[in-house]
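# A structural walkthrough
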Amino acid sequence: MTDTRRRVKVYTLNEDRQWDDRGTGHVSSGYVERLKGMSLLVRAESDGSLLLESKINPNTAYQKQQDTLIVWSEAENYDLALSFQEKAGCDEIWEKICQVQGKDPSVDITQELVDESEEERFDDMSSPGLELPPCELGRLEELAELVASSLPSPLRREKLALAVENEGYIRKLLELFRQCEDLENADGLHHLYEIVKGIFLLNRTALFEVMFSEECIMDVIGCLEHDPALGASPRRHRDFLTKTARFKEVIPIGDPELRAKIHQTYRVQYIQDMVLPTPSVFEENMLSTLHSFIFFNKVEIVGMLQDDEKFLTDLFAQLTDEATDDDKRHELVNFLKEFCSFSQTLQPQNRDAFFKTLSNMGILPALEVILGMDDVQVRSAATDIFSYLVEYSPSMVREFVMQECQQNDDSLVYLPPCLSQDILLINLIIEHMICDTDPELGGAVQLMGLLRTLVDPENMLATANKTEKTEFLSFFYKHCMHVLSAPLLANTTEDKPSKDDFQTSQLLALILELLTFCVEHHTYHIKNYVINKDILRRVLVLTASRHAFLALCALRFMRRIIGLKDEFYNRYIMRNFLFEPVVKAFLNNGTRYNLMNSAIIEMFEYVRVEDVKSLTAHIVENYWKSLEGVDYVQTFKGLKLRYEQQKERQDNPKLDSMRSILRNHRFRRDARTLDDDEEMWFNADEDELEDGEAVVPPSDSKAGKPGGGAGEDEDLMDPISKFMERKKRRSRGGCVTNICLSRYFSLSSGTKHATHERAV
């Protein structure tokens, strides 16, 4: 198997300062006699040819970037890069390079200077900084070349950034940009594009603060419109930002600093997403400061809005005011959604404070009002906001809905329970899931995921005075479960689904997925609900659906119940003959070798392997005639064999007690090697017993003989007596060691579908 850790792409930098892909191969390091030193070797994965042979020179500056990239220069205009498929491989080669150069592998660059001659090194060390040419139209080409040549070297990049910052060069360049536009100087505009793009790659916050200031940012965007690759057809980004994009204050913002920060963040985000060309893997790290600039701007905006109590109070008041018109409410909800999305960039402690503020302002009651409205777009945005809250703190949402229920119970004591329950927030979520009009049920899938998070015991808290799991699950099964299961119960009143179209089947599959989750993770709540409401019988009606995925969901639900090996469930299944629709579906499937066939056989195989005695007897006694002809697997014959063994033990209790004696004595072992007779006796006992063959003659073989019972006991005890006698003789010379042997089977209840092989 190929070692993907060493898999790399080899790149070289061409004359246009673009990286060319030289091929993919596998890198290694070793001593090369011809080069007289440790070297990096890359051989092509296609034909094994040598893509790279490079000596690790002690004075060459190697740079590690983004965890999977190593870049270095071998000559004045010959830059190389290795891009690794895996971080582990990059770390391994980096350690080899650092070992040769005597450097600590924790550094990201092995030398201070990169690819400079001795004269240049002396100049760099002796001169205080880089000298820029005068900012004139005639010197733009020279300046563009200087910027391009400085980017590969970290030291020269630093010096160039200091020179541009100290000399106020950006404002001078933007003045030239306005002149070039007035003169329609295409060459000058193309040079300015390269210069400004290069300044972005200097990755310096002080330069960004100048470029993104109110008076400069639109001219910076103008410079980036004139990409030489576009020729005489520049982009029109400024037209879009000034004429098309409109800033709407859904709630008036009184703080001018906050308003300016929002404008700046939008424009810088636009530059990053739309204006700048897509960076190569070698330039992404050069734009890290730009990402940080946007990130910290968003943090500031969230903090300033969070501290403005009047703003948030007005926002929630207008959201819930019935007099607010639909367009205004739509804008308010979208603003709140974007506000919450900004919060995802916050540090954990800041995010905690943010959501606590929203909770104190009443975001959950406001969402309940919004979700009850008819506007689909508003409801969709409210659902996204609700998902942020559930993701942040499911406990906060659960506490709210339980308090809401208590308040409703106190204030609506004279109303029917259904009326007070239907206005609960969690029931609104369930109803929106059920009523999703999207043919693909995209919204329903999202809501089902939120419900699953809310009912997951793994994220429920337990304290000394209160158990959230017990309280919330009691609430959910009392007030919400009937709403969730309503479509299932309504569609399964007959022997087949009353509605079997694709969208209804998708919805029922989602409901079954959530119910299956409840069976796996809840205890007596779901058990009581399933048994009292006869849910499993209703679910198995769906095995008659023409949609295979829905029938399989129904089988999976039953399989999870059987996998619990709970006798309450087992008695419920037997009492209502709930294997009947499963057997019927199996027979209707015929000889087709598909998931339905495999899933049903796996269910019966689980009952056989786990030796669920009650279900084994029920299946054989009621369905054997229908299943005895299935011989391409041994599952059903094995079930019959298990059943016969059970009957045999029930009819002859002595046989069962003797089997116990046999097993108890078998487990007494000493440390010596077994002789052939004993080995055969043990093998026959264990292996043949597993196949359903008793190690003693059948009880009916002595029938009709006087004293048959005594003779049978003597025959049973004879091999034991002989074995024990041999054991005494063997054990007199030393101590006996007891070795406990255990044979076990494991079958994961989480298996969705098992397959089987037909016997040829």
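Residues numbered from 1 in each chain as written. Predicted model: local features only at pLDDT ≥ 70, side-chain atom pairs only at ≥ 80, totals over all residues. Heavy atoms only, no water.

Moving on, we get to the overall build of the protein. Of the regular secondary structure elements, the protein holds 34 helices and 7 strands. Of the contacts formed within the protein by residues at least 6 apart in sequence, a portion of 65% connects residues at least 24 apart. Roughly 39,300 Å² of accessible area belongs to the protein as shown, and the carbon and sulfur atoms make up 50% of that amount. (Helix = DSSP H or I, 4+ residues; strand = E, 2+ residues; numbered from the N terminus. Contact = heavy atoms within 4.5 Å. Areas by Shrake-Rupley, 256 points an atom, 1.4 Å probe, with all protein chains shown as cover.)

Where nonpolar side chains cluster on the molecular surface, the patch consists of Tyr31, Met38 and Val100 and spans about 260 Å² of accessible area. By the element assignment, Val100 lies in helix H1 (residues 87-101). Taking relative accessible area as the criterion, Val100 reaches 30% and is therefore assigned partly exposed. (Patch = residues over 30% accessible without salt bridge, like charges linked within 9 Å, V, L, I, M, F, W, Y side chains within 5 Å. Salt bridge = Lys/Arg side-chain N within 4 Å of Asp/Glu carboxyl O. Buried < 20%, exposed > 50% of the residue type's maximum accessible area, 1.4 Å probe, protein only.)

This part is about unusual backbone geometry. Positive phi is not limited to glycine here, since Lys36 has a value of about 60 degrees. Looking at where Lys36 falls in the secondary structure, it is placed in the loop between strand S2 (19-32) and strand S3 (37-44). With a phi angle near 55 degrees, Asp611 is a residue other than glycine that sits in the positive phi range. With respect to the helices, strands and loops of the structure, Asp611 is situated in the loop between helix H29 (595-609) and helix H30 (613-627).

All right, on to the packing of aromatic side chains then. In this structure the tally under the stated criterion is 20 aromatic pairs. Where Tyr62 meets Trp72, the ring centres are 5.3 Å apart and the plane angle is 35 degrees; that geometry is what we call tilted. Taken together, the residues Tyr62 in the loop between strand S4 (50-55) and strand S5 (63-65) and Trp72 in strand S6 (residues 69-75) connect sequence positions 10 residues apart. Exposure class is identical for Tyr62 and Trp72. Each is buried. The interplanar angle of 75 degrees and the centroid separation of 5.0 Å between the aromatic rings of Phe295 and Phe296 together place this pair among those described as edge-to-face. (Phe/Tyr/Trp six-rings, centres within 6.5 Å; stacked < 30°, edge-to-face > 60°.)

A few words on the confidence of the model for the protein. For the protein, mean pLDDT is 81; residues scoring 70 or higher make up 79% of the total. Note on residues 665-724: pLDDT is under 50 here. Beyond four places in sequence and across chains, it has 71 contacts. Across residues 730-760, where pLDDT falls below 50, the model places 56 contacts with residues more than four positions away in sequence or in other chains. (pLDDT = per-residue confidence, 0-100.)

Packing of helix H24 (residues 524-532) against helix H27 (residues 567-575) leaves a shortest axis separation of 11 Å and a crossing angle of 10 degrees. For the element pair H24 / H27, the angle class is roughly parallel. In this structure, H24 contributes Ile526, Lys527, Val530 and Ile531 to the contact, and H27 contributes Phe568, Tyr569, Tyr572 and Arg575. For the contact of H24 with H27, a count of residues per class yields 6 nonpolar, no polar and 2 charged. (Axes fitted to C-alpha atoms, helices over the stretch in contact; angles between N-to-C directions. Parallel < 35°, antiparallel > 145°, perpendicular 65-115°, else oblique. Nonpolar A, V, L, I, M, F, W, Y, C, P; charged D, E, K, R; others polar.)

With respect to burial, S3 is a largely interior element, 6 of its 8 residues being buried. The pairing of S2 with S3 spans 8 bridges and is antiparallel. Its bridge partner lying in S3, Ser28 is registered against Leu41. Counting the residues in the hairpin turn of S2 and S3 gives 4 residues, including Lys36, whose phi is positive at 60 degrees. The antiparallel pairing of S3 with S4 creates a hairpin that spans 5 residues between the two strands, and Gly48 there sits at a positive phi of about 80 degrees. (Pairing = 2+ DSSP bridges.)

Negative charge collects at one region of the surface, where Asp325, Asp326, Asp327 and Asp374 lie side by side. Locating Asp325 in the fold gives a position in the loop between helix H12 (309-320) and helix H13 (326-343). Assessed through its relative accessible area of 46%, Asp325 is described here as partly exposed. (Lys, Arg positive; Asp, Glu negative; His and termini not counted. Charge placed at Lys NZ, Arg CZ, Asp CG, Glu CD.)

So, on to the state of the cysteines. Summed over the entire model, instances satisfying the criterion amount to 0 disulfides. Left without a disulfide partner, Cys135 is nearest to the cysteine sulfur of Cys180, which lies 9.8 Å away. (Disulfide = S-S within 2.5 Å.)

This next bit is on the pattern of salt bridges. By the definition in use, this model includes 31 salt bridges. One salt bridge connects Arg7 with Glu45, and the closest N-O pair in it is separated by 2.9 Å. In this pair, Arg7 is assigned in strand S1 (residues 7-13) and Glu45 in the loop between S3 and S4, connecting sequence segments 38 residues apart. Residue Asp534 pairs with Arg537 through a salt bridge whose shortest N-O separation is 2.4 Å.

Attention shifts here to helix H5 (residues 169-183). For H5, which comprises 15 residues, the first-to-last C-alpha distance of 21 Å matches the rise-based estimate of 21 Å (1.5 Å per residue) to within 8%. Buried within H5 are the following residues: Tyr169, Ile170, Leu173, Leu174, Leu176, Phe177 and Cys180. Each buried residue of H5 lies within a common arc of 160 degrees when the element is viewed along its axis, so the set occupies one face. Along H5, the residues that are exposed and aim more than 90 degrees away from the buried face are Asp182 and Leu183. Buried residues along H5 sit against helix H3 (140-150), helix H4 (154-166), helix H6 (186-200), helix H7 (205-211), helix H8 (217-223) and helix H9 (237-244). Looking at the residues trailing H5, positive phi occurs at Glu184, about 55 degrees. (Expected span 1.5 Å × (residues − 1). Arc of directions from axis to C-beta.)

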